[in-house]
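Breakdown of the fold
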Amino acid sequence: MTHLNTFEIFLLLTVLKIVVVLVITLTAVAYTVLLERKVLGRMQNRWGPSRVGPFGLLQPLADGIKLFLKEDMMPLAVERPLFVLAPIIALGCALISIAVVPFGQQTLYHGVDLFQISDINIGLLVILGVTSIGVYGIALSGWSSNNKYSLFGSLRATAQVISYELALGLSLVGVVLRAGSLSLRDIVNSQSHHGMLSWNFFGGFQIVGFFIYLMAAYAETNRSPFDLPEAESELVAGYHTEYSSMKFAMFFMAEYANMITVACVATLLFFGGVFAHGIIHAVLPIFWFVFKILMFLLLYIWVRATLPRFRYDQLMSFGWKFLLPVAMVNILATALVLAFRG
């Protein structure tokens, strides 16, 4: 058996990392759906899934098989190429952004980081750019369906996502100013000196930035109370009304994958990432990182079970007249504090 050269080892490990992260992410997406159904059931005094497998743990598998085997109904009047492309864009952009997320402390093997697919110095910018492209999936799905209600839903969702992207991006500028870098590794390292007191949420005075980010993230992922793709007066689902089978499932997979990405970014930028409390081992930070992500997902579910849906005018006013000005004030305040300290 011939020995592998350096490039072949690098390529093999990279492909292996992509496969492992993809499998774990898709599994997490499936069981986040189950987690939401179970938690919502408990909050609403009902059981949730409990029949398929022990405690309903095989329900995601049953749902996946059902959607995969279900007949794919496609209306005759749709723009077929764009109709098929839309869910692919939505899911693809949701999964690509995971590539720059560091899941654990940097551990090199033959020059390859085992806990991050791609460590680039503009990782945060990549996440913002890739997730913003996902809006094309929403816009194309509504337009290509040749259905007025689908078009209305896609227009509402597109305007919502574009509007809240501004506040979301500006909410992170204070963190970037403190770290002096767009690299997720550098941002995490800047919070690792004094434990929790170094976190941007506590010691970095970015509580306001975190609040803006959290509100904008709800709107970015089309989650309650900002789930405006569908409207009660229309009695349809919005931009994915005409979709069925796996195309329908891909939109929801994209939504829950974006939820996981939002939780990852919030953990890395505001809550110390994977180096909290000075843990220097290679495995323990991963469990701590997953725990923080789980807390954010539970907060997502809690908000959905608690708050009613905003009207369209309320949502747009909240984004443009409140979140955006507060985000700009937060940038100025952070810059002034750093200037005086410097």
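So, here is what we can say about the structure in this document. (Residues numbered from 1 in each chain as written. Predicted model: local features only at pLDDT ≥ 70, side-chain atom pairs only at ≥ 80, totals over all residues. Heavy atoms only, no water.)

**Focus: the overall build of the protein**
Scanning the protein from terminus to terminus reveals twelve helices and two strands. The C-alpha atoms of the protein give 21 Å as radius of gyration, which agrees with the globular expectation for 342 residues (20 Å, within 12%). For the protein, long-range pairs separated by at least 24 residues make up 78% of all intrachain contacts whose partners lie at least 6 apart in sequence. For the protein, the separation between the mean place of its 21 positive charges and that of its 18 negative charges on side chains is 8 Å. (Helix = DSSP H or I, 4+ residues; strand = E, 2+ residues; numbered from the N terminus. Rg over C-alpha atoms; globule rule 2.2 N^0.38 Å. Contact = heavy atoms within 4.5 Å. Lys, Arg positive; Asp, Glu negative; His and termini not counted. Charge placed at Lys NZ, Arg CZ, Asp CG, Glu CD.)

**Side note on the environment of Ala254**
Note on placement: Ala254 falls in helix α10 (residues 245–270). For Ala254, a relative accessible area of 3% corresponds to the buried category. (Buried < 20%, exposed > 50% of the residue type's maximum accessible area, 1.4 Å probe, protein only.)

**Side note on unusual backbone geometry**
Residue Ser224 is joined to Pro225 through a cis peptide bond whose omega torsion reads 10°. By secondary structure assignment, the location of Pro225 is in the loop between α9 (207–220) and α10. Despite not being glycine, Asn222 has its phi angle at roughly 55°, a positive value. If you trace the backbone, Asn222 turns up in the loop between α9 and α10.

**Thoughts on the nonpolar core**
In terms of nonpolar packing, the biggest core is built from 65 residues, with Phe210, Tyr213, Leu269 and Phe270 touching the most fellow members. Those residues in contact with Phe270 that sit more than four places away from it in its chain are Ser171, Leu172, Val175, Gln191, Trp199, Asn200, Phe201, Gln206, Gly209, Phe210 and Tyr213. (Core = buried A, V, L, I, M, F, W, Y, C linked by side-chain atoms within 4.5 Å.)

**A closer look at helix α2 (residues 59–69)**
Listing the buried residues of α2 in full gives Gln59, Pro60 and Asp63. For α2, the angular spread of the buried residues around the axis is 100°, confining them to a single face. Set apart from the buried face of α2 by more than 90 degrees, the exposed residues are Leu61, Phe68 and Leu69. Buried residues in α2 make contact with α1 (6–43). (Arc of directions from axis to C-beta.)

**Focus: empty space enclosed by the protein**
Scanning all chains against the criterion turns up one cavity of 30 Å³ or more. Of the pockets and cavities examined, the largest cavity occupies roughly 390 Å³. Together, 25 residues line the largest cavity, and Thr131, Glu220, Thr221, Ala254 and Asn258 are the ones closest to its centre. For the lining of the largest cavity, the secondary-structure elements that each account for two or more residues are α3 (80–96), α4 (123–133), α5 (135–144), α6 (148–171), α9 and α10. Here the element with the most residues in the lining of the largest cavity is α10; it accounts for seven residues. Here the lining of the largest cavity is composed, by residue class, of 17 nonpolar, six polar and two charged. (1 Å grid on protein atoms, 1.4 Å probe; cavity = no way out; pocket = protein on both sides within 12 Å on 5 of 7 lines; lining within 4 Å. Points joined across faces, edges and corners; volume = space filled by probe spheres on them. Nonpolar A, V, L, I, M, F, W, Y, C, P; charged D, E, K, R; others polar.)

**Observations concerning the side chain of Thr32**
Its location among the elements puts Thr32 in helix α1. Those residues within four positions of Thr32 in sequence are excluded, and the remaining contacts are Tyr256, Met259, Ile260 and Leu297.

**What to know about the packing of α3 against α10**
Taken N-terminus to C-terminus, the directions of α3 and α10 make an angle of 20°; their axes are 8 Å apart at the nearest point. Judged by the angle between their axes, α3 and α10 are roughly parallel. In the crossing of α3 with α10, the sense of the turn from one axis to the other is left-handed. Between α3, through Phe83, Val84, Ala86, Pro87, Ile88, Ala90, Leu91, Ala94 and Leu95, and α10, the contact on the second element is made entirely by Lys247, Met250, Phe251, Met253, Ala254, Ala257, Asn258 and Thr261. A breakdown of the residues in the contact of α3 with α10 according to their chemical character gives 14 nonpolar, two polar and one charged. (Axes fitted to C-alpha atoms, helices over the stretch in contact; angles between N-to-C directions. Parallel < 35°, antiparallel > 145°, perpendicular 65-115°, else oblique. Left-handed = near helix turned anticlockwise from the far one by under 90°.)

**Some remarks on the environment of Gly129**
Within the fold, Gly129 resides in helix α4. On the basis of relative accessibility, which here comes to 29%, the residue Gly129 falls in the partly exposed class. Between the C-alpha atom of Gly129 and that of Gly273, which follows or precedes it by 144 residues, the distance is 21 Å.

**Notes on the packing of α9 against α10**
Helix packing for two helices is described by the angle between their axes and how far apart those axes are. At a closest axis distance of 11 Å, the pairing of α9 and α10 adopts a crossing angle of 175°. Considering the angle they form, α9 stands roughly antiparallel to α10. Judged by residue contacts, Gly209, Phe210, Tyr213 and Ala217 of α9 engage Val262, Val265, Ala266 and Phe270 from α10. Considered class by class, the residues forming the contact of α9 with α10 number seven nonpolar, one polar and no charged.

**So, the layout of surface pockets**
In this structure, the largest pocket occupies an estimated 1,000 Å³ of space. Val33, Ala249, Phe252, Met253 and Tyr256 are the residues nearest the centre of the largest pocket, which is lined by 32 residues in total. At the level of secondary structure, the elements contributing two or more residues to the lining of the largest pocket comprise α1, α2 and α10. Class assignment of the residues belonging to the lining of the largest pocket gives a composition of 19 nonpolar, four polar and nine charged. Taken as a whole, the second largest pocket holds about 690 Å³ of empty space. Lining the second largest pocket are 24 residues, with Ile24, Thr25, Phe103, Ile286 and Val290 positioned closest to its centre.

**Quick word on the pattern of salt bridges**
Under the criterion given, the structure shown has eight salt bridges. As a salt-bridge pair, Asp63 and Arg37 come within 3.1 Å of each other at their nearest N and O atoms. Of this pair, Asp63 sits in helix α2 while Arg37 is found in helix α1, placing the two residues 26 residues apart along the sequence. The partner of Lys247 in a salt bridge is Asp72, and the shortest N-O contact between them spans 2.2 Å. With a gap of 175 residues between them, Lys247 in helix α10 and Asp72 in the loop between α2 and α3 connect regions that are remote in the sequence. For Lys247, a relative accessible area of 13% corresponds to the buried category. Of the residues examined, Asp72 reaches a relative accessible area of 34% and is grouped as partly exposed. Through salt bridges with shared partners, a single ionic network connects Glu36, Arg223, Glu255 and Arg304. (Salt bridge = Lys/Arg side-chain N within 4 Å of Asp/Glu carboxyl O.)

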